[in-house]
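Per-entry structural report
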Amino acid sequence: MRTPAAQPWAERSAQPTAWTLLAHYLRPQLQRALILGALMLATVGLELSNPQILRAFIDSATQGSTMDRLVTIAIVFLVVALVTQIASVAETYVAENVGLTATNALRADLTLHCLRLDPDFFTTHSPGELIERVDGDVGLLANFFARFVIHVVGNCLLIIGLIALLVQIDWRVGAALAGVVLLGLLTMDRLHRVSVPRWAAARQASAEFFGFLEERLSGTEDIRASGATAYVMRGFYERSRRVIGKDLLAIVVGSIGIQSAGALLTIGGALSIAVGGYLYLSGTITLGSVYLIFAYTQVLTRPIEQITRQMQDLQVANAGLRRVRRLLGERGSLIDGSHELPSGGLSVDLEHVWFGYVAEDPVLRDLSLHLAAGQTLGVLGRTGIGKSTVARLLLRLYDPSIGVIRLGGRDLRTVALTSLRDRVGMVTQEIQLFHASVRDNLSLFDTRVSDARMLTVLAELGLDEWLARLPAGLDSRLAADGAGMSAGEAQLLAFARVFLREPGLVILDEASSRLDPATERRIEQAIDRLLEGRTGIVIAHRLATLERVEQVLILDRQGVAEWGRRADLAADPRSALSALLSTGGQDLLA
C-alpha cells in the first residue's frame, strides 16, 4: 500500500495571510534566512563606508598628505569595493535559493490540495486556469519570499544610517533628505493601495486566457475538423487584448510610484548639493564632506528605488496571493477515514442510497443491493441512468446524499482513501495516459512494482509483441493523447494497471466498448483470471458482456427496475433481462 501523503498545510490553515505564508515557508529555511539577513547588513555597512573612504582621500589630497597615505586609502577603497561585490553576489544566490525553495514547497502544497478536491471543483475550473494559479501566481510570490522583508528592512536601515551620518555633517542636510524620503514613502503607500486591485484583475484575465488556450489546444482535432479555427482565433485575440489592457493599466499605475520616488529623489539631491555648496563656501565643512553629501544622496537613490520596486512587486504578489488564498480556501466534502479494507475479495452493500450531482435532481433513488465477496454483478440501464455513478460512489469520488455504502463490511466513510484506492481497481472506456515511460504508465509511478511483474502481466494480456516493437521497451515514452497506440492497446494497458494492483474489487465501466471483437477475445481469459477470487462489477455496454456475471442489476428512473441472479432472471419470461435478451438489447438502448 502506498504511504499516505502528508496533509498539506493548505488544508490546515484556511485563508492564510501574507505573513503566515511567509512564516510557514521560511521557517524550514531559518538558517538561510539568517545568513541572508547577515549578508544584507554587511552590504549596508560596506556601502556606508565607501563614501567615507573617498571623503578621507579627498580631504587628505587637498591637505597635502603623503603619497603613501593616499595609496593606502585607495587600496582600502578597492578592497572594500571588491568585498561589497562579493557580498552582493552571495546575497543574490542565497535569496534566489530561499525564494525558489519556498515557492516550490507552496506549489507542492497547492497541487496536493487540488488533487484532494471534489470532482465538482474541476467542472468549474479549467486545467489551464489551475496551472496559471499553481505556477503563475505562485511564481509572483518568489520575490516576496526571498527578498521582501530583508530588502525592505535592510534598505530602511540603510536610509536611517545615511540620514544619521548626514545629520552628523550638518543637521540641515539630514533634515532635508529625511523630509524627501518620508514624502516618497507616503506616496508609495498610497499608490500601493490603488495598484493591488488592478494587478488582481490582470492576474484573473491571465488565468482566463490560459484556461481558454488549454481547452482549445486539447480539442485541436475537433476544431480543425469542424472548421472552427477562425472562431478560436477570434476568441484568442479577444482574450489577448483583455490581458494586455489589464496588464498595461496595472503597470502604468504601479510605475507612477517609481517615477514619483525618482522625481522626489532628484529634488532631494539638488537640495543637498545646494546646501553642501553653501556650507563649503561658508567654511563650515570641507570639500570631502561636500563630496560625502553628494555621494550619500546618490547612495540613497538605490534603497528608495529598491523599496519602490519591492512595493510594486508586493502589489503583484498581493494580487497572486489573493487568488492563491481563494484556491486554498476551497474545501472538499470528503473527510478521509482511518480504517483499512480487509484482504481478499470485498463484499459490496448499498443501503437505501440516494445521490444526485444536483441536489434537486437525484440520479440514484433508494438503491439497495448486496454482493457477496467473490461474486460478480452486471449493471444495465439507459445512458444517463446512473450506472457510472455507482462506480464513482464505490471509488468514493462522491459520498451518497442519503444511505450507506459498505465494502468488506466497512462504511466507506470510515475507510482511509489510500486503502480504498489500493483495494478497488477500475477500468473505463476513457483511458488516461501520461507523457511518461511505459513503466510509469503501468505502475502509475509506483517504484515498488518490479519490471519482471510488468513484463509478466503484459505477456498475459498479449501486449508483449506491442512492447517488443517499442524502441526502448519499458523505458519508451508514451504520448498523453495515445498517439501511436490503437484504442485496443490503450484499453489493454489499462487492464494491465489493474492486474498489477491485485485489488479486492474490480469495476469494469463499459471497458470493452472500444475493443474490436478480436481484441476483446484476447482479454476474455485475462479478465476471468483477474476476477478469480475477487468481487467484480461490470457496467455493461453489450449484453454478451453479462455472460460471466452471477447477478444482474437493471436501473431505471425510479431506481432498481430489477435485481437478481442472472440465470434466474434470464429463465423468467416476465423479467426485464429476459425481454432484453430476446430483443438483443434494443429496449435497453432506446
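The structure under discussion appears in the preceding block.
Just so it is clear, the structure is predicted and the values come from calculations on it, not from any experiment. (Residues numbered from 1 in each chain as written. Predicted model: local features only at pLDDT ≥ 70, side-chain atom pairs only at ≥ 80, totals over all residues. Heavy atoms only, no water.)

What follows concerns the overall build of the protein chain. Tallying secondary structure elements over the protein chain gives 20 helices and 10 strands in all. Within the protein chain, the fraction of its 590 residues that count as buried is 46%. Taking the contacts inside the protein chain whose residues are at least 6 apart along the sequence as the reference set, 78% of them involve residues at least 24 apart. Surface accessibility of the protein chain: about 28,800 Å² in total, with carbon and sulfur atoms responsible for 59%. (Helix = DSSP H or I, 4+ residues; strand = E, 2+ residues; numbered from the N terminus. Buried < 20%, exposed > 50% of the residue type's maximum accessible area, 1.4 Å probe, protein only. Contact = heavy atoms within 4.5 Å. Areas by Shrake-Rupley, 256 points an atom, 1.4 Å probe, with all protein chains shown as cover.)

Here we take up unusual backbone geometry. Of note, Arg-396 is a non-glycine position whose phi angle comes to about 55°, a positive value. Residue Arg-396 is classed as buried on the basis of its relative accessible area, which comes to 2%.

Attention now goes to the packing of helix H3 (residues 67-115) against helix H5 (residues 127-139). Taken N-terminus to C-terminus, the directions of H3 and H5 make an angle of 155°; their axes are 10 Å apart at the nearest point. One finds that H3 runs roughly antiparallel with respect to H5. Pair H3 / H5 crosses with right-handed handedness. Facing Thr-103, Leu-106, Arg-107, Leu-110 and Thr-111 of H3, the residues of H5 in contact are Val-134, Asp-135, Val-138 and Gly-139. (Axes fitted to C-alpha atoms, helices over the stretch in contact; angles between N-to-C directions. Parallel < 35°, antiparallel > 145°, perpendicular 65-115°, else oblique. Left-handed = near helix turned anticlockwise from the far one by under 90°.)

A separate point is the packing of helix H14 (residues 451-460) against helix H16 (residues 487-501). Packed helix pairs are characterised by how far apart their axes lie and by the angle those axes make with each other. One way to put it is that H14 packs onto H16 with a least axis distance of 10 Å and a crossing angle of 130°. Judged by the inter-axis angle, H14 sits oblique to H16. Pair H14 / H16 crosses with right-handed handedness. Seen from H14, the contacting residues are Arg-453, Met-454, Val-457, Leu-458 and Glu-460; seen from H16, they are Ala-496, Phe-499 and Leu-500. Among the residues making up the contact of H14 with H16, the classes are represented as 6 nonpolar, no polar and 2 charged. (Nonpolar A, V, L, I, M, F, W, Y, C, P; charged D, E, K, R; others polar.)

With that settled, consider helix H11 (residues 387-394). Within H11, 6 of the 8 residues are buried, which leaves it mostly tucked inside the rest of the structure. Regarding H11, the residues found buried are Lys-387, Thr-389, Val-390, Ala-391, Leu-393 and Leu-394. Note on H11: the residue one or two positions beyond its end, Arg-396, has a positive phi of about 55°.

Attention now goes to the side chain of Asp-109. By the element assignment, Asp-109 lies in helix H3. Reaching out from Asp-109, the side chain makes a polar contact with the side chain of Tyr-25 at a distance of 2.7 Å. (Polar contact = N/O pair within 3.5 Å; in protein donor to acceptor, adjacent residues only side chain to side chain.)

Evaluated as defined, the whole model comprises 6 aromatic pairs. When the centroid spacing of 5.3 Å and the interplanar angle of 85° are considered together, the rings of Tyr-357 and Tyr-398 count as edge-to-face. Of the two residues, Tyr-357 is situated in the loop between strand S1 (348-355) and strand S2 (364-371) and Tyr-398 in the loop between H11 and strand S4 (402-407); the sequence distance between them amounts to 41 residues. Chaining the aromatic ring pairs together yields one cluster made of Phe-209, Phe-236 and Tyr-237. (Phe/Tyr/Trp six-rings, centres within 6.5 Å; stacked < 30°, edge-to-face > 60°.)

Let us now look at the sheet that holds strand S3 (residues 376-380). Read from one edge to the other, the open sheet built from 6 strands follows the order S6-S7-S8-S3-S9-S10, with strand pairing classed as mixed. Looking at strand neighbours, the two that pair on one side only are strand S6 (424-428) and strand S10 (559-565), the edges of this open sheet. Each adjacent strand pair in this sheet contributes to an overall mean axis angle of 15°, direction not counted. In terms of strand pairing, strand S9 (residues 551-556) meets S10 through 6 bridges, oriented antiparallel. Directly across from Leu-553, in S10, lies its bridge partner Trp-563. Helix-sheet contacts for H16 involve S6 and strand S7 (505-509), and the interaxial angle to S6 is about 175°. (Pairing = 2+ DSSP bridges.)

Right, let's get into the sheet that holds S2. Backbone hydrogen bonds are what pair the strands of a sheet, in a parallel or an antiparallel way. Read across the open sheet, the 4 strands follow the order S2-S1-S4-S5; overall the sheet is antiparallel. Both outer strands of the open sheet, S2 and strand S5 (410-411), are each paired with one neighbouring strand and no more. H11 rests against S1, S2 and S4 of the sheet, and its axis sits at about 115° to S1.

The next subject is the nonpolar core. Of all hydrophobic cores here, the largest spans 41 residues; its most connected members are Leu-380, Leu-442 and Trp-466. Within the residue set of this core, elements represented by two or more residues are helix H13 (438-443), H14, helix H15 (464-469), H16, S7, helix H17 (517-531), S9 and helix H19 (576-583). The biggest single contributor to this core is H16, with 9 residues. Listed in part, the 31 residues of the second largest apolar core include Leu-346, Leu-377, Ala-391 and Leu-420. (Core = buried A, V, L, I, M, F, W, Y, C linked by side-chain atoms within 4.5 Å.)

Looking along a regular strand, one sees side chains alternate from face to face of the sheet. Along S9, 5 of the 6 residues are buried, which leaves the element largely enclosed by surrounding structure. In this sheet, S9 lies alongside S3 in parallel orientation, the contact comprising 4 bridges. Bridge pairing in S9 places Gly-378 opposite Val-552. Counted along the chain from S9 to the antiparallel partner S10, the turn is 2 residues long.

Glancing now at the side chain of Gln-29. Mapping Gln-29 onto the fold places it in the loop between helix H1 (18-26) and helix H2 (30-62). At a separation of 3.0 Å, a polar atom in the side chain of Gln-29 contacts the side chain of Arg-32.

With that settled, the discussion passes to the pattern of salt bridges. Evaluated as defined, the whole model comprises 8 salt bridges. Where Asp-399 meets Arg-396, a salt bridge forms, and the shortest distance between an N and an O atom there is 2.8 Å. One salt bridge in this structure joins Asp-475 and Arg-439, with 2.5 Å as the shortest N-O distance. A residue pair is termed long-range when its members are at least 10 positions apart, and Asp-475 in the loop between H15 and H16 and Arg-439 in helix H13 qualify at 36 residues. Asp-475 gets classed as partly exposed once you look at its relative accessible area, which sits at 47%. Overlapping salt bridges bring together Arg-439, Asp-451 and Asp-475 as one network. (Salt bridge = Lys/Arg side-chain N within 4 Å of Asp/Glu carboxyl O.)

The values are spatial; any link to function lies outside them.
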